Amino acid sequence: MNDKIKINLQIADSNYPLTINREEEQMVREAAKQVNIRLNKYREAYKNLEPEKVIAMVAYQFSLEKLQLMQRNDTSPYVEKVKELTELLEDYFNEK
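Rules used in this analysis
- Residues numbered from 1 in each chain as written.
- Predicted model: local features only at pLDDT ≥ 70, side-chain atom pairs only at ≥ 80, totals over all residues.
- Heavy atoms only, no water.
- Helix = DSSP H or I, 4+ residues; strand = E, 2+ residues; numbered from the N terminus.
- Buried < 20%, exposed > 50% of the residue type's maximum accessible area, 1.4 Å probe, protein only.
- Contact = heavy atoms within 4.5 Å.
- Areas by Shrake-Rupley, 256 points an atom, 1.4 Å probe, with all protein chains shown as cover.
- Lys, Arg positive; Asp, Glu negative; His and termini not counted.
- Charge placed at Lys NZ, Arg CZ, Asp CG, Glu CD.
- Salt bridge = Lys/Arg side-chain N within 4 Å of Asp/Glu carboxyl O.
- Phe/Tyr/Trp six-rings, centres within 6.5 Å; stacked < 30°, edge-to-face > 60°.
- Lys NZ or Arg CZ within 6 Å of the ring centre and 35° of its normal.

J.: Residue-level account of the overall build of the chain, with values.
T.: Looking only at helices and strands, the chain features three helices and two strands. Mapped from its N terminus to its C terminus, the chain presents α and β elements in the order β-β-α-α-α. C-alpha atoms of the chain, sized along the principal axes, occupy 70 × 45 × 15 Å. Residues counted as buried form 12% of the 96 residues belonging to the chain. Restricting to contacts in the chain with at least 6 residues of sequence separation, those with at least 24 account for 21%. A total of about 8400 Å² of accessible surface is found on the chain, and carbon and sulfur atoms cover 54% of it. Counting 15 positive and 17 negative side-chain charges, the chain places the averaged centre of each group 8 Å from the other.

J.: A description of the environment of aspartate 74 should follow, citing residues and the corresponding values.
T.: Position of aspartate 74 relative to the elements: it lies in the loop between α2 (51-72) and α3 (76-95). When its relative accessible area of 38% is taken as the criterion, aspartate 74 is described as partly exposed. Residues aspartate 74 and alanine 31 lie 43 residues apart in sequence; the distance between their C-alpha atoms is 24 Å.

J.: An account of the pattern of salt bridges is requested, with residue identities and associated values reported.
T.: All chains considered together, the criterion is met by seven salt bridges. The residue arginine 22 makes a salt bridge to aspartate 3 at a minimum N-O spacing of 3.7 Å. In this pair, arginine 22 sits in the loop between β2 (14-21) and α1 (25-45) while aspartate 3 sits in the segment before β1 (4-11), placing the two residues 19 residues apart along the sequence.

J.: An account of the packing of aromatic side chains is needed here, citing residue identities and associated values.
T.: If you walk through the whole model with that rule in mind, you get one aromatic pair. Each ring, one from tyrosine 42 and one from tyrosine 46, has its centre 6.0 Å from the other, and the planes form 20°; the classification is stacked. Here tyrosine 42 falls in the buried class, since its relative accessible area comes to 17%. Just above the ring of phenylalanine 62 sits the side chain of arginine 38; from NZ or CZ to the centre is 4.2 Å.

Structure follows, in structure tokens:
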């Protein structure tokens, strides 16, 4: 059974026909909704700004948020500390 569906998204006054996995539909539609919400906020705040610049500002904002989330979820410093503590414990128990 093919679990793909065809949907149409409206983003920034344009329609985008997409074929997506059925289980992703809600997330895809929510993403488009969030883009449109931010576009409308920027359009309202910066009425004289060209549409391309408004879209660039929205893209920048989403990108910045993604990078902040990635940085917050970076566990590598903790992994290194756990390795260090594990080595200390192994050395301690090997001495006994």
